[in-house]
Amino acid sequence: MHRLRTCAARLRPLTANQKAQNFSQQRPVAAQRTFQPIRCYTAPVAAEPFLNGTSSNYVEEMYLSWLENPKSVHKSWDVFFRNANAGAPPGAAYQSPLGMTVASLPQAMVGAQPNVEKLVEDHLAVQSLIRAYQIRGHHVAQLDPLGIMDADLDSSVPSDIITSSDKLDLTVFKDRLSILTVGESDCKSHFRDSSKDWETGFYGLDESDLDKVFRLPTTTFIGGAESALPLKEIIRRLEMAYCQHIGVEFMFINDLDQCQWIREKFEKPGVMQFTLEEKRTLLARMVRSTRFEEFLQRKWSSEKRFGLEGCESLIPALKTIIDKSSANGVENVIMGMPHRGRLNVLANVIRKELEQIFCQFDSKLEAADEGSGDVKYHLGMYHRRINRVTDRNITLSLMANPSHLEAVDPVVQGKTKAEQFYCGDTDGNRVMSILMHGDAAFAGQGVVYETFHLSDLPSYTTHGTVHVVVNNQIGFTTDPRMARSSPYPTDVARVVNAPIFHVNADDPEAVMYVCNVAAEWRATFHKDVVVDLVGYRRMGHNEMDEPMFTQPLMYKQIKKQKGVLLKYAEKLIAEGAVTRQEYEEEIAKYDKICEEAHARSKDEKILHIKHWLDSPWPGFFTLDGQPKSMSSPSTGLTEEELAHIGQVASSVPVEDFTIHGGLSRILKSRGEMIKNRTVDWALGEYMAFGSLLKEGTHVRLSGQDVERGTFSHRHHVLHDQNVDKRTCIPMNHVSPNQAPYTVCNSSLSEYGVLGFELGFAMASPNALVLWEAQFGDFHNTAQCIIDQFICPGQAKWVRQNGIVLLLPHGMEGMGPEHSSARPERFLQMCNDDPDVMPKLSEDFAIQQLMDCNWIVVNCSNPGNYFHVLRRQILQPFRKPLIVFTPKSLLRHPEAKSNFDVMLPGTQFLRLIPEEGTASQNPEGVKRIVFCTGKVYYELTKERKTHGMEDTVAIARVEQLSPFPFDLVKAETEKYPNADLVWCQEEHKNQGYYDYVKPRMRTTIQRSKPVWYAGREPAAAPATGNKKAHLVELKRFLDTAFDLDAFKGQV
Ligand SMILES: Cc1ncc(C[n+]2csc(CCOP(=O)(O)OP(=O)(O)O)c2C)c(N)n1
Ligand SMILES: [Mg+2]
């Protein structure tokens, strides 16, 4: 290789000037170019002029062949390489080979041209031509079934493709023209006017070259068994491979093997052949897909259903991908999709019973369980069945998704990763994902890009996703030209080197072919691939919309468009693959199935949302879907367990591993703490994770820089200072039979990564899955996942999820950024009623947890953090947990916990009452200050300064939601003479006040006011001025301890 490079480098003797000239010459923009390549070189000044940028690839290839076997290349090249290898200077390597006269060359190769130099140039030209088709052929492929749009938004034709060949001989392409004219459409022709006079083409080839035979480079497979072909045939085959109904975009892929693999799939003569059986199956699938939509349209013509008409080949496309993947060993396919064609996919791909789908159109259907309904377009489902083609078991699931387009993408990936993880499928051979997209959303939504960037990261890869774009060339009412700045909606996939197969959706065989290749690509390379189904949308955005308001011409064309099923059926009937009678019988058969299911659907009176679960958790609930018990087990650990995990956390468990000196000190101080039976924040977390792992629960912590921890407190991954990339994760050395621990620095994404972790947490209830924001305020770039999935997931989709969000929060004078994790937002979305005092039964605490939509906590010490993490897994149901985590408290000398609060029998404290002097003489207490989180330490310090330990009690609300009504009640009742203050460091319109105040008032039956001590209302979360920060702090602390502060106020 090195030799090749040096030789190739020497084989590029062009000066910078010449290069610039060549480059600009090669880039005429539109088809109507005026460029004429300058071809009268005056050797040897131009050195080897054929060695310009593009042809050097060809030369390299020739060189490689020559290295293997000098006889494999033309004699002229043999001489040239020998001279070049012997060190001939630029311009001198080429010689007319000894003994090689024009007469000795085959006539067909030389034609009328006596000049060998011309021969070389022509070969190079042909090589460039082949390459041009490979790179740009898709721009002229006939992808739009309507024939009015350019799938790449560009009507010009690359001048290095057709402009040269159409000048060569238009008759060659007569066949092609007829193939490409789709249906009755007035298909745009990209051919130039044939009556135009002959002129020299882009490559300097002329008509007389058409019959000349050219040697084919190894980077093409168009020859099949032939190693040389006449130019005419070369062009014809390239046109067949790249410019018909499939546009293959792949030449940006950096890996040569992958490029070769794709070339072979599309270039090899005869690849697109199907057996009779395959064609008939394809027709049957098209019948199902089309007649399903027609059935719905007939029965519920005034209902929205976001039909698939115009892109019906999606169904056979998906089925082909699934069949092929199943044949390759895949047993579990997890799918995500938007609205378009969802019902059809449920019916004909996942095979949900038709009556279950049809009954959703009945408005009188009653819900049997919780869940917001909305089954038709949003709920998911899960089905295990036999794949009829492969006769193997396959589980198909479609994930529930919100309206927010593309939001489900990372969730599907996370779920897929988890399924792979739990079944030990390290290469994605058994579990895979398929994502469907709309063209506008795929191009427009940033989460698509974020998801693509997860695709090759070790802790996030699902080993290849097949993406299918239902490209109906419109987004609601918006034309593609207004919807994206890239040629195709799929260009985002190029960033990860995913091949993109554009295909005319009105050619079901072409669709089937690319889907087969896509599935095979995934099985071979374990990388993403995109199928871009270019179709149209026969109706409006939904069936009630009038598309002619905004797309009159397109819809005039659509109205004329014959349906794809009919076109394909006619083709097969004409071919004799099927008779008209058989076709009609197939239709009648499926219509009957639909009618019978429709009749049965009328008996469905009750909608069971739980029948639409995408991720069942077998064994976790009772058969009725209820928690198996309603007790909260102790979350404490024995002294030995704590000591053991502490020891793991403070040592390096592998031999000959040199850690950084600073880290040695950290581990040493951890050891000291353990000796003293205390934990800081990092150790508290260690105890929780380590013990859960030991008990068999998988723990996965993901987020930006989580391995070390943003604040350098965690250090879960140790790095050998002497050996590059050698790492050690002590948490995986807690116990021999422990569950694995995954800790992974994520890409710099919140939306994508949080979605991914949510999906991971969906797969199984027996894992503690945590996502940590670098700073709490960054969660807002993932707001969609929080608002659409985490907060309402159970209410909308009867699906629990135990994901944990760790959100660093606290006003520490760091300015408006990085200070607030926006607790007010999370609290505002809690479903507990502020005005109703709940019944305080014995199991109040657990019942409250069971009823809530999520749990919001702000722990003031590591012991409580330890407990709440363990409770998350030990409680008998799953709820999302939002934890506001500290920054300065990570190292605060007082923010430590003793082993005593973590021993068996101890548990998470929802409220930590006053335990100091004030609690000894409650009657004498004048004020009780309620607070949460870090401000507690500021309050106790200030109380000491003011000498008010016996007059002011301070209580910490650790679990903000569900609100500990019972404990707040007990604490307020204990101090009958005290006024009540809520103190927070956040601004008044932020933080917890608006959530806490009405609930406290409800608790005390509005008998007293709840005063506020905290920062004034503000737009920004914090001041950027350190001094102002301290002044504000002092001001509200003074208020908290001024017993007269609220006098006279009502
Ligand atoms: C994030 C988001 N923004 C806006 C919308 C509103 N919306 C629903 S469908 C749609 C057009 C989608 O176009 P496309 O992705 O091409 O899918 P199609 O409907 O054409 O199948 C829009 C803008 C949405 N659902 N989600
Ligand atoms: Mg669209």
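Keep in mind the model is a prediction, meaning the values are calculated, not measured.

### Considering the overall build of the chain
Here is step 1 of the chain: Per the secondary structure count, the chain includes 37 helices and 28 strands.
Here is step 2 of the chain: Counting over 1050 residues, the chain shows a buried share of 60%.
Here is step 3 of the chain: Pairs at least 24 apart in sequence give 80% of the contacts found in the chain among residues at least 6 apart.
Here is step 4 of the chain: A total accessible area of about 41500 Å² is found for the chain, and carbon and sulfur atoms account for 52% of it.

### Some words on unusual backbone geometry
Here is step 1 of the chain: The omega torsion across S961 and P962 is -5 degrees, close enough to zero to call that bond cis.
Here is step 2 of the chain: Along the chain, P962 turns up in the loop between strand 26 (959-961) and helix 35 (965-974).
Here is step 3 of the chain: Even without being glycine, K725 reaches a positive phi, approximately 65 degrees.
Here is step 4 of the chain: Mapping K725 onto the fold places it in the loop between strand 15 (718-719) and strand 16 (727-728).
Here is step 5 of the chain: By relative accessible area, which is 72% here, K725 ends up exposed.

### Comments concerning the coordination of the magnesium ion (ligand 2)
Here is step 1 of the chain: Those donors, D439 (OD), N472 (OD1) and I474 (O), are the protein atoms that reach the magnesium ion (ligand 2), and they lie 2.0 Å from it.
Here is step 2 of the chain: In the primary structure, the donors to the magnesium ion (ligand 2) are separated according to the pattern D-x32-N-x1-I. Residue D439 is found in helix 17 (residues 439-444), and its partner N472 is found in the loop between strand 9 (465-471) and helix 19 (480-483); the two are separated by 33 residues along the sequence.
Here is step 3 of the chain: Residue class for D439 comes out buried when judged on its relative accessible area of 4%.

### Points about the pairing of strand 4 (residues 332-336)
Here is step 1 of the chain: With five of its five residues buried, strand 4 lies for the most part within the structure.
Here is step 2 of the chain: In the sheet, strand 4 pairs with strand 7 (residues 392-398) via four bridges, with the strands oriented parallel. In the sheet register, M335 faces strand 7, and the bridge partner there is L398.
Here is step 3 of the chain: In terms of strand pairing, strand 4 meets strand 8 (residues 431-438) through five bridges, oriented parallel. Following the sheet pairing, G336 is matched in strand 8 by L435.

### A look at the site of ligand 1
Here is step 1 of the chain: Lining the immediate surroundings of ligand 1 are 15 residues, of which H339, R340, S403, D439 and A440 lie closest.
Here is step 2 of the chain: One nitrogen or oxygen atom from the side chain of R340 is found 2.8 Å from an oxygen atom belonging to ligand 1.
Here is step 3 of the chain: Note that an oxygen atom of ligand 1 is positioned 2.9 Å from one of the backbone N or O atoms of I474.
Here is step 4 of the chain: For ligand 1, whose free accessible area comes to 580 Å², the fraction covered by protein is 74%.
Here is step 5 of the chain: Ranked by residues supplied to the shell around ligand 1, first place goes to helix 17 with three residues.
Here is step 6 of the chain: Partitioned by chemical class, the residues of the shell around ligand 1 number five nonpolar, eight polar and two charged.

### A word on the packing of aromatic side chains
Here is step 1 of the chain: A complete count under the given rule lists 31 aromatic pairs for this structure.
Here is step 2 of the chain: Seen from their ring centres, W300 and F358 are 5.7 Å apart, and the 40 degrees between their planes marks the pair as tilted. Here the residue W300 occupies a position in the loop between helix 11 (276-299) and helix 12 (314-327), and F358 occupies one in helix 14 (residues 354-358), the gap between them amounting to 58 residues. In terms of burial, W300 and F358 fall into one category: buried.
Here is step 3 of the chain: A centroid spacing of 5.7 Å and a plane angle of 85 degrees characterise the contact between W617 and F620, whose relative ring orientation is edge-to-face. One exposure class covers both W617 and F620, and it is buried.
Here is step 4 of the chain: In textbook terms, an aromatic cluster arises when at least three aromatic residues are bridged by ring pairs, as seen for F292, F295, W300, F358 and F361.
Here is step 5 of the chain: The positively charged end of K352 is found above the aromatic ring belonging to W612, 4.4 Å away from the centroid.
Here is step 6 of the chain: The ring of Y936 carries R956 above its face, with NZ or CZ at 3.6 Å from the centroid.

### Examining the pattern of salt bridges
Here is step 1 of the chain: Scanning the entire structure with this criterion turns up 55 salt bridges.
Here is step 2 of the chain: Between E672 and K675 there is a salt bridge, with its nearest N and O atoms 3.6 Å apart. Taken together, the residues span about one helical turn, with E672 and K675 both in helix 25 (residues 661-675) at a distance of three residues.
Here is step 3 of the chain: Residue classification places E672 among the partly exposed positions, given a relative accessible area of 38%.
Here is step 4 of the chain: Each of the salt bridges in this network shares a partner with another, and the network as a whole consists of K118, D122, D209 and K212.

### As for helix 25
Two residues of an α-helix separated by three or four positions point the same way, owing to the 3.6 residues in each turn.
Here is step 1 of the chain: Here helix 25 is 15 residues long and its end C-alpha atoms lie 21 Å apart, about the 21 Å a rise of 1.5 Å per residue gives.
Here is step 2 of the chain: For helix 25, the full list of buried residues reads G662, L663, L667, R670, M673 and I674. Along the axis of helix 25, the buried residues cluster in a sector spanning 140 degrees; they form a single face. Across from the buried face of helix 25, at angles greater than 90 degrees, the exposed residues are R665, K668 and K675.
Here is step 3 of the chain: Residues of helix 25 that are buried make contact with helix 24 (639-649), strand 13 (678-679), helix 26 (681-694) and strand 15.

### Quick look at the sheet that holds strand 8
Here is step 1 of the chain: Taking strand neighbours across the sheet as the criterion, the eight strands line up as 3-10-11-9-8-4-7-6 in an open arrangement whose pairing is mixed. A single partner strand is all that each edge strand has here, and the edge strands are strand 3 (246-249) and strand 6 (381-387). Shown here is a sheet whose adjacent strand axes are inclined to one another by a mean of 20 degrees, direction ignored.
Here is step 2 of the chain: Two strands pair when backbone bridges link them, and strand 8 and strand 9 are joined in this way by six bridges, in the parallel orientation. Residue pairing across strands places G438 opposite V470, the latter belonging to strand 9.
Here is step 3 of the chain: Its contacts with the sheet put helix 20 (residues 508-525) on strand 3, strand 8, strand 9, strand 10 (500-504) and strand 11 (529-534), and the angle it makes with strand 10 is roughly 165 degrees.

### Examining helix 28 (residues 783-790)
Here is step 1 of the chain: Burial analysis of helix 28 places seven of its eight residues in the buried class, which makes it a mostly covered element.
Here is step 2 of the chain: Taken residue by residue, helix 28 has Q783, C784, I785, I786, Q788, F789 and I790 as its buried positions.
Here is step 3 of the chain: Check the buried side of helix 28 and you find it contacts helix 16 (408-422), helix 27 (751-763), helix 29 (793-797), strand 19 (804-808) and helix 30 (823-828).

### Let's talk about the environment of P765
Here is step 1 of the chain: Among the structural elements, P765 can be located in the loop between helix 27 and strand 18 (767-772).
Here is step 2 of the chain: Spatially, the C-alpha atoms of P765 and F877 are 8.3 Å apart, while their sequence positions differ by 112 residues.
Here is step 3 of the chain: The residues touching P765, leaving out its near neighbours within four places in the chain, are W617, F620, I873 and R878.

### Section: the sheet that holds strand 24 (residues 927-931)
Here is step 1 of the chain: With respect to topology, five strands assemble into an open sheet ordered 23-25-24-27-28, the strand pairing being mixed. Every interior strand has two partners, whereas the edge strands, strand 23 (911-912) and strand 28 (1010-1015), have only one.
Here is step 2 of the chain: Of the pairings in the sheet, the one linking strand 24 to strand 25 (residues 952-957) comprises five bridges and is parallel in character. Across the sheet, the residue bridging to V929 is I954, located in strand 25.
Here is step 3 of the chain: Seen against the sheet, helix 37 (residues 1026-1041) touches strand 24, strand 25, strand 27 (979-987) and strand 28 and runs at an angle of roughly 160 degrees to strand 28.

### Describing the packing of helix 25 against helix 26
Here is step 1 of the chain: Contact geometry for helix 25 and helix 26: axes closest at 11 Å, N-to-C directions at 75 degrees. Taken as axis vectors, helix 25 and helix 26 run roughly perpendicular relative to one another. Here helix 25 contributes R670, M673 and I674 to the contact with helix 26, which in turn contributes A682, L683, Y686 and M687.
Here is step 2 of the chain: Looking at side-chain class alone, the contact of helix 25 with helix 26 contains six nonpolar, no polar and one charged residues.

### Quick word on the environment of A493
Here is step 1 of the chain: Assignment of secondary structure puts A493 in the loop between helix 19 and strand 10.
Here is step 2 of the chain: Separated by 44 residues in the primary sequence, A493 and Y449 have C-alpha atoms spaced 7.7 Å apart.
Here is step 3 of the chain: Among residues more than four places away in sequence, those in contact with A493 are F452, A498, I500 and V530.

### As for the confidence of the model for the chain
Here is step 1 of the chain: In the predicted model, the chain carries a mean pLDDT of 87, and 86% of its residues have values of at least 70.
Here is step 2 of the chain: Here residues 1-47 is a poorly scored stretch, pLDDT under 50, and it has 75 contacts once near neighbours within four places are set aside; other chains count.
Here is step 3 of the chain: Contacts from residues 97-113, a stretch scored under 50 in pLDDT, to residues over four places away or in other chains number 26 contacts.

### Digging into the side chain of T465
Here is step 1 of the chain: Position of T465 among the secondary structure elements: in strand 9.
Here is step 2 of the chain: A residue is classified by how much of its surface remains accessible, and T465, at 0% relative accessible area, is buried.
Here is step 3 of the chain: Within polar-contact distance, the side chain of T465 engages the side chain of T462 at 3.3 Å.
Here is step 4 of the chain: Among residues more than four places away in sequence, those in contact with T465 are Q413, S433, I434, L435, K527, D528 and V529.

What counts and how
- The numbers attached to residues start from 1 for each chain and follow its sequence in the written order.
- The lettering of chains begins at A and the numbering of ligands begins at 1, in the order of writing.
- Where totals are concerned, whole chains, interfaces and linings use all residues; where local detail is concerned, this predicted model gives features only for residues with pLDDT of at least 70, and gives and counts side-chain atom pairs only at 80 or more.
- Only hydrogens and water are set aside; all other atoms, that is, all heavy atoms of the structure, feed into the side-chain values.
- Counting from the N terminus, the helices are DSSP H or I runs at least four residues long and the strands are E runs at least two residues long.
- Accessibility here uses a 1.4 Å probe with only protein chains present; expressed as a share of the type maximum, an area under 20% marks a residue as buried, one over 50% as exposed, and anything in between as partly exposed.
- Residue contacts are defined here by distance: any two heavy atoms, one from each residue, within 4.5 Å place the two residues in contact.
- Under the convention used here, a 1.4 Å probe and the Shrake-Rupley method define accessible areas, while residue burial counts only the protein chains that appear.
- Here the coordinating atoms are restricted to nitrogen, oxygen and sulfur within 2.8 Å of the metal centre, or 3.2 Å for Na, K and Ca, and because water is not among them the sites may look incomplete.
- Strand pairing requires that DSSP identify at least two bridges connecting the strands.
- Proximity is defined per residue: any heavy atom of the residue falling within 4 Å of a molecule or strand makes that residue near it.
- N or O atoms within 3.5 Å of each other form a polar contact, as long as, within protein, one can give a hydrogen and the other can take it, and as long as residues adjacent in sequence are counted only when both atoms are side-chain atoms.
- Three classes are used: nonpolar for Ala, Val, Leu, Ile, Met, Phe, Trp, Tyr, Cys and Pro, charged for Asp, Glu, Lys and Arg, and polar for all others, with Gly counted as polar.
- Whether two aromatic rings pair depends on their centres lying within 6.5 Å, for rings of Phe, Tyr and Trp, where Trp uses its six-membered ring; planes under 30 degrees apart make the pair stacked, over 60 edge-to-face, and the rest tilted.
- Remark: a charge is flagged as sitting over a ring if the NZ atom of Lys or the CZ atom of Arg is within 6 Å of the ring centre and within 35 degrees of the ring normal.
- In the sections that follow, a salt bridge refers to a side-chain nitrogen of Lys or Arg positioned within 4 Å of a carboxyl oxygen of Asp or Glu.
- Multiplying 1.5 Å by the residue count of a helix minus one yields the expected span of that helix.
- This arc describes the spread of directions from the helix axis toward the C-beta atoms.
- Under this scheme, a helix contributes an axis fitted over its contacting stretch, all axes are lines through C-alpha atoms, and angles between N-to-C directions fall in the 0 to 180 degree range.
- Convention used here: angles under 35 degrees read as roughly parallel, angles over 145 as roughly antiparallel, angles from 65 to 115 as roughly perpendicular, and any remaining angle as oblique.
- Predictor confidence is given residue by residue as pLDDT, running from a minimum of 0 to a maximum of 100.

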